[in-house]
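Listed below, chain by chain, are the residues.
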Amino acid sequence: MEKSHKTKNKKGVKKDEMPSSILAELQEEIDRISKLLIRRDFELSSVREQREKEIKELEERTGELEGARKALMNMLEDIEEARREAEEERDKTLAIIENFPEGLLFFDRYKKVSSVNPKIRDFFNTNPKDLIGRYIRNLKRISSLSSLAKLLGEEIKEIQRKELQLREDLVLEISTIPVLRELEEIGTLVVLRDITREKTIERLKTEFVSISAHQLRTPLSAIKWTLRMILDGDAGEVPKEQRELLEKSYTSNERMIGLINDLLNVTRIEEGRFLYSLKRYDIVKLVEKVFNQLKEMAQRKGLNFEFLKPKTMIPNVDVDAEKMSVVFQNLIDNAIHYTRAKGRVEVRLEYLKEKEQILFSVKDTGIGIPEHQQQRVFSRFFRGTNAIKSETEGTGLGLFISKNIVEAHGGTIWFKSEEDKGSTFYFTLPLKAKAEEFQKFVEGL
Amino acid sequence: MIKAGVGRSQKSDPIKAGGEACQIALAKAGGKANIIFAFSTINYDQNKVIEGIKSVSKGISLVGCSTSGEITSEGSTSKHVALMALNTDQIKFTFGLGKGTDKDSFKAGKEATQDAQSKAESPFSLFMMILDGLAENGAAAVRGVQAVLGEHFPIIGGSAGDDFVFKKTYQYYQGQVLTDSMIGIGFSGKFSFGVGVRHGWDPVGLPMKVTKSKGSKLIEVNDRPALSIYQDYFGKKSEELIREPIARMAYTYPLGIKVEGSNEFLIRDVIIANEKGEITCAAEIPQGSEIRLMFGEAGKAIRAAKEAAESALEQLQGTKPKAVFIFDCMARRKLLGAKCDEEIMAIKEILGKETPLIGFYTYGEEAPLGGILGPECQSVFHNETMALLVLGE
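A quick note: this is a predicted structure, and the numbers were derived from the prediction, not measured. (Residues numbered from 1 in each chain as written. Chains lettered and ligands numbered in written order. Predicted model: local features only at pLDDT ≥ 70, side-chain atom pairs only at ≥ 80, totals over all residues. Heavy atoms only, no water.)

Peer 1: Please set out helix α6 (residues 143-152) of chain A residue by residue, giving values where relevant.
Peer 2: Residues and elements named next belong to chain A. Among all positions of α6, only Leu145, Leu148, Ala149 and Leu152 are buried. Projected down its long axis, α6 shows its buried positions confined to an angular sector of 105°, all on one face. Turned more than 90 degrees away from the buried face of α6 sit Ser143 and Lys150, all of them exposed. (Buried < 20%, exposed > 50% of the residue type's maximum accessible area, 1.4 Å probe, protein only. Helix = DSSP H or I, 4+ residues; strand = E, 2+ residues; numbered from the N terminus. Arc of directions from axis to C-beta.)

Peer 1: Describe the pattern of salt bridges, and please don't skip the residues or the numbers.
Peer 2: One pass over the structure, following the stated rule, counts 45 salt bridges over all chains. Here Arg84 of chain A and Glu80 of chain A are joined by a salt bridge, their closest N and O atoms 3.8 Å apart. Here Glu80 of chain A and Arg84 of chain A lie together in helix α2 (residues 18-98), a separation of 4 residues that amounts to about one turn. Judged by relative accessible area, Glu80 of chain A falls into the partly exposed class, the value being 32%. Linking Glu343 of chain B and Arg332 of chain B is a salt bridge whose minimum nitrogen-to-oxygen distance equals 2.8 Å. Taken as a pair, Glu343 of chain B in helix α10 (residues 340-351) and Arg332 of chain B in helix α9 (residues 330-336) lie far apart in primary sequence, 11 residues in all. Several salt bridges share partner residues, and in doing so they unite Glu80, Glu81, Arg83, Arg84 and Glu87 of chain A into one network. (Salt bridge = Lys/Arg side-chain N within 4 Å of Asp/Glu carboxyl O.)

Peer 1: Before we move on, can you summarise the packing of aromatic side chains with the specific residues and values?
Peer 2: Aromatic ring pairs are reported here in terms of the distance separating the ring centres and the angle at which the planes meet. Scanning the model with the defined rule gives 22 aromatic pairs over all chains in all. Geometrically, the ring pair formed by Phe123 of chain A and Phe124 of chain A is edge-to-face, given 6.4 Å between the ring centres and 85° between the ring planes. Through a chain of ring-to-ring contacts, three or more aromatic side chains come together here, namely Phe42 of chain A together with Tyr230, Phe234 and Tyr253 of chain B. Against the face of Tyr135 of chain A rests Arg137 of chain A, its NZ or CZ located 4.7 Å from the ring centre. (Phe/Tyr/Trp six-rings, centres within 6.5 Å; stacked < 30°, edge-to-face > 60°. Lys NZ or Arg CZ within 6 Å of the ring centre and 35° of its normal.)

Peer 1: Which residues make up the side chain of Glu346 of chain A, and what are the values?
Peer 2: All names here are of chain A. On the secondary structure map, Glu346 appears in strand β9 (residues 344-352). Under the relative-accessibility criterion, Glu346 is labelled buried at 12%. A polar contact of 3.1 Å, which involves the side chain of Glu346, links it to the side chain of Arg348. If sequence neighbours within four positions are ignored, Glu346 has contacts with Glu306, Leu308, Ser361, Val362 and Lys363. (Polar contact = N/O pair within 3.5 Å; in protein donor to acceptor, adjacent residues only side chain to side chain. Contact = heavy atoms within 4.5 Å.)

Peer 1: For the sheet that holds strand β1 (residues 103-108) of chain A, give the residues involved together with the corresponding values.
Peer 2: Residue and element names in this part refer to chain A. The antiparallel open sheet is built from 5 strands, whose spatial order is β2-β1-β5-β4-β3. Here the strands that pair on one side only, and so sit at the sheet edges, are β2 (113-116) and β3 (162-167). The mean inter-strand angle of the sheet, taken between neighbouring strand axes irrespective of direction, is 30°. Summarising the sheet, β1 and strand β5 (residues 184-194) pair through 6 bridges and their orientation is antiparallel. (Pairing = 2+ DSSP bridges. Axes fitted to C-alpha atoms, helices over the stretch in contact; angles between N-to-C directions.)

Peer 1: Account for a nonpolar patch on the surface, naming residues and giving values.
Peer 2: Together, Leu72, Met73, Met75, Leu76 and Ile79 of chain A make up a nonpolar patch on the protein surface, roughly 490 Å² of accessible area in all. Here Leu72 of chain A shows up in helix α2. (Patch = residues over 30% accessible without salt bridge, like charges linked within 9 Å, V, L, I, M, F, W, Y side chains within 5 Å. Areas by Shrake-Rupley, 256 points an atom, 1.4 Å probe, with all protein chains shown as cover.)

Peer 1: Describe unusual backbone geometry, naming the residues involved and giving the relevant values.
Peer 2: Although it is not a glycine, Phe164 of chain B adopts a positive phi angle of roughly 65°. Counting through the fold element by element, Phe164 of chain B comes out in the loop between β9 (155-159) and β10 (171-173).

Printed below as a string of structure tokens:
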């Protein structure tokens, strides 16, 4: 290479002189070019290395972003899924409300109608849409809704199964339910149940019982009088054996008449025909009369039977004597029946002067009422399971009738009882029955 | 029979990574192996990664080292553990250990070879060495081997890396993790093999004369401090060049020595420079040598790798490649950058896409000059070179 340079460049110059200068020049040039080349290459490779690093970082970053994007998409999908579920749930709930057999009316916390189901339209002949957003106080102006608005009151009282006769052919049972969310009241749900059919059936049943009882009572009265005449010897002397049998028949007949009377009383109470005539009576005498009637039965059973009269004088009380006697009779009779031989029955009459009330109580050491059944004591046809075992007779109507009579007089009836230890029944009577309360009671029936 | 399996893993737990890579390799090798070659990033606690491998490999012989990147049949990776399980009944492996490569590489090389030879039942036909990447003089270690096995003995191997930190490298010897050590593996028995050794770097600029050197320390060039070469060529101040290992800057601009018996220059990497302007190289550059600055190019480097594979295949004389070992200089990885997989692909195209392949990016390669075997074989210490070994059957 170097030699070829020499030959090419000799051009008339002496062979020994010229190469050294040209050679040096060439070498310098090669050195310069190679250094330039290396610097360029060094720079280029630094740039390339930097670029590759950047690309790698970019790829990583892209990867991360892609990951983030995917995560976001997943999240969005989850949200969409949750939204769909919530919508489905809402549609389901709406469908339930729409098709609910009872009328639903929801008031928000500002006492404004916030939702209504189609049943409400059937009940009130109004477009549910017209009700939305109305305050309870404005509902009175809609004639079909005024009775409901009155019943609920502007504050929307808590109501449990109150009946509302909306029309001749429509009876509703109204209940209100406060709606809570995390202990905060967000509104009130009013449930309107159509009980027209139930009321009709109930009325028909009462009528049926009433008619049957009446029809039964007539022949039973005939039997009673016939037996009485025979026992009194109006049809000639009755031999002793026959007399005993006839007396048993007479007692049973009397008992049956009592049962029929109970049934009739109940039907009257239910029909609202159980009217009372109030007169001033000496209540002590009334109790004493019943007490004496039952004394013989108690003594036969060997009971310690006592009447603790009030220590002070009691003013006369406004009562329907006949009905009140039924109450005394029922309570004392129960005590005697459900107390075993040699037990004690204590009848007490007190005067609570400050409250202007009479407090009557009958305490026995009888079988008591099982705790889990105590709530139902005053319901129709209720008889304690232990009572059914020890006494086969009894209609389960006595206490129901008594409660109605006491409450009609403005009194309150209650009891305390412990199974196998005994029971005490109490009731109070105001000295003067308040005419309005009495009236209201009779109306309510 | 030669059956090899390769596995790699980058699980974050080193024990699990070692276990996983080993499981994959063993399964591919047919469930058993005579020897396992393991190469791992220093990112993993070295003892733990070996513990993970051993939990699967049990009593199988285990050798290897830390790397600056791993190579498997799947291509080039970093921050992995990669290993090959080799299952063969015709090659017998004998192991030797030499210590103190940081003080006397020749002695360590000689000791490792003697140690292996003393245990061998039959003569070696090939010797593999795994050397500490920061050995005091890599070329001396090769001479240590030759002092035992003879001047023309075929030697192949690589120097351990440490992910370009240049601080401490590790060698694995029968499950122990060592440093400043050399591991020798003698191959005996009847088997065929080929080697390929090429770099593809070209000299640039004017030749320079080494006026003063001592071992791997280059002191003066053209009667000037050795570092002036890089000051001149890079246009950088000496402070900049000595601040951190000069290797990080000069990876791809090494020095080349013209040697007889090879048409390629023998390359020496520069590792570190000091304030006196002295440069420590990966191996010696004898005083009086003529050196050139070397200049690499991606296309040429890949072509060189392909040529190395071709020459190795030729040496198999018709037998089929069964396992490939690659000792590839970390500088080539730097030069190729994102293209480093192309180099591995070029090799696979020649040696078979399905042939199991293991290797790592080294701090030095030990291999015959020009890849020549036989009586002309002259094994030396290289830099910037693709050195590969193929076992055939």
